[in-house]
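Results of the structural survey
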Amino acid sequence: MSIRRPVVAGNWKMFETVAEARVLMSEMLPGLSAIRGVEIVICPPFTSILPVAALLEGTGIAVGAQNMHWEASGAFTGEIAPPMLAEFCQYVILGHSERRAYFGETDVNVNRKVKAALSYGLVPIMCVGETLDENEGGITRQVVSRQVQDGLDGIDSAAIPSIVIAYEPVWAIGTGRAATADGANLVVSDIIRLELSERFGEANAQAVRVLYGGSVKASNAAEFFQQPDIDGALVGGASLKATEFVPIVKAAADR
Ligand code: PEP
């Protein structure tokens, strides 16, 4: 068993008004509060961060954002700055494939955001993963290595263990077609940890928590958590249902 503490993060995407978020949290909290040994992170949309953070106070469950700007402040209409998030959040998802695909997120900007998150004490959950075309074209290694390399460019080795990476093959996100557990583990060990080891040393590569994301649900979560190099999950759709998310977190605790 790995000594890395598992992390399960729920990415609510653009779902849940404040009123709906309160209901969802009231359904999940009794189950989640009883689970030990897993870092649980709830990532609501910006408008629900504050109320969710208030509901989670004292529970040990963390709050995360789904994106942020890299500058501390400025004339960037519609953006949210790291110190604004740091008032309420402990984590921030960066470089999610939906941001890369629909909002022009680049590795260069992901890198700026990872550095900004670290400097404000936020744990970045940096997402990487290949598209279906890239997968079928046999260039998964090239794509994922580049995302890891460029996303972490110029970061001090000492900061590497505090970064969380989510391997999310784009073809598995929201499709109901998860990767196989051993296939995902192979990408994590032979591409992501290898890249980390070459750049930041083997000890740092082994210290980083790497999550799998892509159609994780209560019925398949345990398979991923049994893999030696997978340290938890980034969960989208199933994080919006207490009957799915609570058993997923429980599976991480039981691994
Ligand atoms: C995600 O949004 O990061 C994700 C993995 O979504 P889903 O679990 O719905 O595939």
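This text goes with the structure placed above it.
A brief look at the structure comes next. (Residues numbered from 1 in each chain as written. Predicted model: local features only at pLDDT ≥ 70, side-chain atom pairs only at ≥ 80, totals over all residues. Heavy atoms only, no water.)

In the neighbourhood of the ligand, 14 residues make up the surrounding shell, with Lys13, Glu168, Gly174, Ser215 and Gly236 lying closest. A distance of 2.7 Å separates an oxygen atom of the ligand from a polar side-chain atom of glutamate 168. Between the ligand and the protein, one listed contact pairs an oxygen atom with a backbone N or O atom of glycine 174 at 2.6 Å. Here the ligand has 290 Å² of accessible area as a free molecule, and 96% of this is covered by the chains. If you map the ligand onto the pockets, it falls in the second largest pocket. (Near = heavy atom within 4 Å. Polar contact = N/O pair within 3.5 Å; in protein donor to acceptor, adjacent residues only side chain to side chain. Areas by Shrake-Rupley, 256 points an atom, 1.4 Å probe, with all protein chains shown as cover. 1 Å grid on protein atoms, 1.4 Å probe; cavity = no way out; pocket = protein on both sides within 12 Å on 5 of 7 lines; lining within 4 Å. Sits in = over half its atoms within 2 Å of the grid points.)

Turning to its location among the elements, asparagine 204 is positioned in helix α9 (residues 202–207). Non-local contacts of asparagine 204, meaning those with residues more than four positions away in its chain, are made with Ser157, Ile160 and Pro161. (Helix = DSSP H or I, 4+ residues; strand = E, 2+ residues; numbered from the N terminus. Contact = heavy atoms within 4.5 Å.)

Taken in spatial order, the 8 strands line up as β1-β2-β3-β4-β5-β6-β7-β8 and close into a barrel, and their pairing is parallel. Each strand of the sheet is rotated relative to its neighbour by a mean of 25 degrees, with strand direction disregarded. Pairing analysis gives 2 bridges linking strand β7 (residues 209–213) to strand β8 (residues 232–235), with the strands arranged parallel. Opposite glycine 213, over in β8, you have leucine 234 as the bridge partner. Packing of helix α2 (residues 46–56) onto the sheet brings it into contact with β2 (39–43) and β3 (62–65), and relative to β3 it is tilted by some 175 degrees. (Pairing = 2+ DSSP bridges. Axes fitted to C-alpha atoms, helices over the stretch in contact; angles between N-to-C directions.)

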